[in-house]
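Residues per chain are reported as follows:
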Amino acid sequence: MSDAQQQDDEAASDASITTIDRAARLLTILAAGEAMGMMLTEIARQAGFGKGTTHRVLAALVEVGFVFQNPENRRYRLGSRLTLMAQHARTQELAFRVQPLLDRLAEQTGDTAFCSIREGLSAVCIARATGEFPIRTLTLDVGSRRPLGIGAGSLALLAALPDALVEDSMTKNARLLAAYPVYSPEWLTGRVKEARESGYAQNPGDILPGMGALGMVVGDPMIQPLAALSIAAISERVSPPRKALLLEKLREATDELLTLMR
């Protein structure tokens, strides 16, 4: 590569970095702005850019969905794509934080440990660890999705929601819940009540005969749950007196995860 070509490449790289810096500055300003959005003039003033530069960068951000411009009042605000990216970033952070805890749970118990989060009307498994007990309960893969209430972790998430959201979830998930004959609305309502009273959710083999699980929500049950941790094993290993040990380990892990995420 000639010196001239190298200089051209470096200049192009510097220009790209400058554009990224400008975009990041505008996004930061919009994030701190009012919910109704901001006018171009105010954004340019806070950024210290000319109106032409500010408009060009904002137009590019609108094009990729990072910024939204209301056509009625011409105000700019953060776009929905950024919201989705933020949700994914938080999920990745949670999965990163929880994996060592799941590994420890699996090592301590010999069974399979899961972490699930709520996404709308579903519970999604974001992390898993398997213990050394010969019979493994691999009922969920990372990325597996179930209607809220199906499985111990999913039930723990459902039980942590306000009554109105519980009813809304069961109504809207009615068709999906029908695939699990045991999970009638009345039966699931009873399980939610039990989970709230005991502080944990239990699946005594309703999905797969001979397989049981315990689940515990992470966070204050009176607010939106952060996640749920669960342990699954053959039914004999989730029965008293071993059940008390599993609940103790689950409680330790949920408390530690809440502290880490705070």
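The rules behind the values
Residues numbered from 1 in each chain as written. Predicted model: local features only at pLDDT ≥ 70, side-chain atom pairs only at ≥ 80, totals over all residues. Heavy atoms only, no water. Helix = DSSP H or I, 4+ residues; strand = E, 2+ residues; numbered from the N terminus. Rg over C-alpha atoms; globule rule 2.2 N^0.38 Å. Buried < 20%, exposed > 50% of the residue type's maximum accessible area, 1.4 Å probe, protein only. Core = buried A, V, L, I, M, F, W, Y, C linked by side-chain atoms within 4.5 Å. Contact = heavy atoms within 4.5 Å. Axes fitted to C-alpha atoms, helices over the stretch in contact; angles between N-to-C directions. Parallel < 35°, antiparallel > 145°, perpendicular 65-115°, else oblique. Left-handed = near helix turned anticlockwise from the far one by under 90°. Pairing = 2+ DSSP bridges.

Here we look at the overall build of the protein
Counting its secondary structure elements, the protein contains nine helices and eight strands. Taking 18 Å as the expected radius of gyration for a compact globule of 262 residues, we find that the protein reaches 24 Å, considerably beyond that expectation. With the principal axes as the frame, the protein shows a C-alpha extent of 70 × 50 × 30 Å. Looking at the protein as a whole, 40% of its 262 residues qualify as buried.

Observations concerning the nonpolar core
In terms of nonpolar packing, the biggest core is built from 30 residues, with Leu102, Cys115, Leu229 and Leu257 touching the most fellow members. Of all the secondary structure elements, the ones that give two or more residues to this core are helix H4 (80–109), strand S3 (112–119), strand S4 (122–129), strand S7 (211–218), strand S8 (227–234) and helix H9 (242–261). Excluding its chain neighbours within four sequence positions, the residues that come into contact with Leu229 are Val98, Leu102, Phe114, Cys115, Leu214, Gly215, Met216, Val218, Leu250, Ala253, Thr254 and Leu257.

Considerations on the packing of H4 against H9
In helix packing, the relevant descriptors are the interaxial angle and the interaxial distance, both defined with respect to the helix axes. In the contact formed by H4 and H9, the axes pass within 10 Å of each other and the chain directions differ by 150 degrees. By the angle between their directions, the pair H4 and H9 is classed as roughly antiparallel. The crossing of H4 and H9 is right-handed. Across the interface between the two elements, Arg90, Glu93, Leu94, Arg97, Val98, Leu101, Arg104, Leu105, Gln108 and Thr109 of H4 pack against Arg242, Leu246, Lys249, Leu250, Ala253, Glu256, Leu257, Leu260 and Met261 of H9.

Digging into the sheet that holds strand S6 (residues 201–203)
The six strands lie next to each other as S5-S4-S3-S8-S7-S6, forming an open sheet whose pairing is antiparallel. Each of the sheet's edge strands pairs with one partner strand only, and the pair in question is strand S5 (145–147) and S6. Strand after strand, the sheet turns through a mean of 30 degrees between neighbouring axes, direction not considered. As defined by bridge partners, S6 adjoins S7 across three bridges and the pair is classed as antiparallel. Residue pairing in the sheet places Gln202 in a bridge with Leu214 of S7.

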